[in-house]
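Chain by chain, the residues:
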Amino acid sequence: MNGVHDMGGMHGMGPIVTEKNEPVFHHEWERRAFAMAVATGFLGKWNIDMSRYAREQMPPAEYLATSYYEHWLWGLEKLLEDTGLLTRAEIDARLRGADRPAGAAPGARPIPQEVRMLKAPDVERVLRSRRTARVDADVAPRFKVGEAVVTRTINPTGHTRLPRYARGKRGVIAEDHGVWVFPDTHAAEQDPKPQHCYSVRFTARELWGAQGGPDDQIYIDLFDDYLDPA
Amino acid sequence: VENTPKVHNMVVCTLCSCYPWAVLGLPPVWYKSAPYRSRAVIDPRGVLKEFGVTLPEDLEIRIWDSTSEVRYMVLPERPPGTEGMSEAELAGLVTRDAMIGTDLVKPPAAETRR
């Protein structure tokens with residue numbers, strides 16, 4: 001979707017603010033929100049592309065006015081609601097009791113038996129194990145390294161990983177990353193359409209005109225379905 | 001992605017916050033923020049200047065936009081005056097930002113002055 005999350009090339013966002021000796025989390029709620037987002041991912045009710053798409057649907061003014069973990073929490077609440085794991089009323093009731101010690105909230109529904117859960121003793125082992133969107137499928141690549149390509153001009157209202165600043169642009173295949181699930185359909189719970197993903201090289205001049213550095217290059221990871229022969 | 005005397009690499013995720021968690025930990029706030037995500041691809045030299053890094057005009061900058069599940073990390077250039085240093089000593093010179101590409105690894109003398 002042409003959302004405000006697709007920020008490449010936008011102006012006016014202000015200076016980059018860095019922090020010396022930055023803590024991993026700035027507030028305790030951020031730690032909890034992060035843990036909940038990671039843990040609920042293991043319920044098996046949604047995939048990573050659905051999580052990203054959920055966060056992208058935060059209203060743009062709100063997205064720009066809130067912090068990173070607020071985006072995560074907003075997306076998580078949307079997914080919990082969309083999948084029927086919690087109702088809005090239940091989420092609000094739990095938020096009101098958020099200062100209670102951890103544990104089941106009063107009136108909580110039992111967790112359905114079919115729901116897969118990540119239990120505390122398994123967290124470290126599971127997080128350290130390799131999970132990947134790479135697919136072991138024998139799918140032929142549409143392009144070869146060194147081939148000239150042009151990106152498609154598409155404006156899907158769903159999830160896509162083809163940024164706006166790189167649509168309708170000419171580039172060159174720099175590397176073939178192999179076969180991966182296709183985020184656009186995976187986010188919509190449709191056929192994951194395993195296909196090749198490439199690192200595609202664009203000159204800064206192609207993307208930005210005279211404002212681009214004469215020798216600078218931008219490499220973007222793009223899928224077969226985003227590309228046509230140039 | 002390797003820095004050389006002719007090429008400087010810098011990593012960004014313009015669409016969200018993709019970052020090599022497993023190697024570098026969770027990203028700093030600035031990496032996930034609108035100013036960095038919007039400008040890294042269109043004005044890398046301006047961004048680097050804000051990090052105190054000025055590169056020669058003829059150096060090629062390569063920006064890596066992490067739009068897939070592939071993660072990128074910059075292999076910084078070995079600074080002069082580090083011949084004979086052990087792996088552990090060299091590791092001590094490398095900063096997180098140098099592995100994102102918004103910092104250069106400084107020679108040991110500069111490091112002790114800080």
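Please refer to the structure higher up on the page.
What you are looking at is a predicted structure, and each value in this text was computed from that prediction instead of being measured.

Visitor: Where do I start with the overall build of chain A in this structure?
Guide: Of regular secondary structure, chain A possesses eight helices and five strands. Reading the helices (α) and strands (β) of chain A from amino to carboxyl end gives α-α-α-α-α-α-β-β-α-β-α-β-β. For chain A, the C-alpha atoms occupy an extent of roughly 60 × 45 × 35 Å along the three principal directions. Across chain A, contacts joining residues at least 24 apart in sequence account for 64% of those joining residues at least 6 apart. A total accessible area of about 12,800 Å² is found for chain A, and carbon and sulfur atoms account for 54% of it. Across chain A, the mean location of the 30 positive side-chain charges is 2 Å away from that of the 33 negative side-chain charges.

Visitor: Help me understand the packing of aromatic side chains in this model?
Guide: In this description, an aromatic ring pair is defined by two values, namely the gap between the centres and the angle between the planes. Residues and elements named next belong to chain A. Applying the stated criterion to the full structure yields 21 aromatic pairs over all chains. Taking the centre distance of 6.0 Å and the plane angle of 75° together, the rings of Phe 143 and Tyr 198 count as edge-to-face. Separated by 55 residues along the polypeptide, Phe 143 in the loop between α6 (123-128) and β1 (148-151) and Tyr 198 in strand β3 (residues 195-203) bring together distant segments of the chain. Just as Phe 143 is buried, Tyr 198 falls in that class too. Over the face of the ring belonging to Trp 72 we find Arg 55, whose NZ or CZ atom lies 4.5 Å from the ring centre.

Visitor: Would you mind showing me how to read the sheet that holds strand β4 (residues 217-223) of chain A here?
Guide: Across a sheet, strands are paired by hydrogen bonds formed along the backbone, either parallel or antiparallel in direction. Spatially, β5(A)-β1(A)-β2(A)-β3(A)-β4(A)-β2(B)-β1(B) is the arrangement adopted by the seven strands of the open sheet, whose pairing is mixed. Edge positions in the open sheet fall to β5 (227-229) of chain A together with β1 (7-12) of chain B, since each of these has one partner strand only. The mean inter-strand angle of the sheet, taken between neighbouring strand axes irrespective of direction, is 35°. Where β1 of chain B lies against strand β2 (residues 60-65) of chain B, six bridges are found, and the strand directions are parallel. If you follow Val 12 of chain B over to β2 of chain B, its bridge partner there is Asp 65 of chain B.

Visitor: Which parts of the structure should I look at to understand helix α1 (residues 28-41) of chain A?
Guide: Taking 1.5 Å per residue, 14 residues should reach 20 Å; α1 of chain A reaches 20 Å between its end C-alpha atoms and fits that length. Those residues of α1 of chain A that fall on the buried side of the exposure criterion are Glu 30, Ala 33, Phe 34, Ala 37, Val 38 and Thr 40 of chain A. Buried residues belonging to α1 of chain A abut α4 (68-82) and α6 of chain A together with α1 (21-24) of chain B.

Visitor: It is not clear to me how the interface of chain B and chain A should be interpreted in this structure. Could you clarify?
Guide: On the side of chain A, 43 residues touch chain B, which itself brings 40 residues to the contact. Taken over both partners, the interface formed by chain B and chain A buries close to 3,600 Å², and the fraction arising from carbon and sulfur atoms is 58%. On the chain B side of the interface with chain A, the three residues burying the most area are Leu 15, Ile 42 and Glu 69 of chain B, jointly 18% of the side's total. Its salt-bridge partner being Asp 216 of chain A, residue Arg 45 of chain B comes within 3.5 Å of it at the nearest N-O pair. At the boundary of chain B and chain A, one finds 22 residue pairs in polar contact (both at pLDDT 80 or more). Looking at the side of chain B that touches chain A, the elements that each hand over two or more residues are α2 (29-32), α3 (34-39), α4 (44-50) and β2 of chain B.

Visitor: Just to check I follow, could you spell out the environment of Asp 176 of chain A for this structure?
Guide: Residue and element names in this part refer to chain A. By the secondary structure assignment, Asp 176 is in strand β2 (residues 170-180). Using a relative accessible area of 29% as the deciding quantity, one classes Asp 176 as partly exposed. When neighbours within four sequence positions are excluded, Asp 176 is seen to be in contact with Pro 141, Val 145, His 196, Cys 197 and Tyr 198. Only 2.8 Å separates the side chain of Asp 176 from the backbone nitrogen of Gly 178, close enough to count as a polar contact. There is a polar contact of 2.9 Å between the side chain of Asp 176 and the side chain of His 196.

Reading guide: rules and limits
- Residues numbered from 1 in each chain as written.
- Chains lettered and ligands numbered in written order.
- Predicted model: local features only at pLDDT ≥ 70, side-chain atom pairs only at ≥ 80, totals over all residues.
- Heavy atoms only, no water.
- Helix = DSSP H or I, 4+ residues; strand = E, 2+ residues; numbered from the N terminus.
- Contact = heavy atoms within 4.5 Å.
- Areas by Shrake-Rupley, 256 points an atom, 1.4 Å probe, with all protein chains shown as cover.
- Lys, Arg positive; Asp, Glu negative; His and termini not counted.
- Charge placed at Lys NZ, Arg CZ, Asp CG, Glu CD.
- Phe/Tyr/Trp six-rings, centres within 6.5 Å; stacked < 30°, edge-to-face > 60°.
- Buried < 20%, exposed > 50% of the residue type's maximum accessible area, 1.4 Å probe, protein only.
- Lys NZ or Arg CZ within 6 Å of the ring centre and 35° of its normal.
- Pairing = 2+ DSSP bridges.
- Axes fitted to C-alpha atoms, helices over the stretch in contact; angles between N-to-C directions.
- Expected span 1.5 Å × (residues − 1).
- Buried area = accessible area lost by both parts, 1.4 Å probe.
- Salt bridge = Lys/Arg side-chain N within 4 Å of Asp/Glu carboxyl O.
- Polar contact = N/O pair within 3.5 Å; in protein donor to acceptor, adjacent residues only side chain to side chain.

Coordinates in, geometry out; function isn't part of it.
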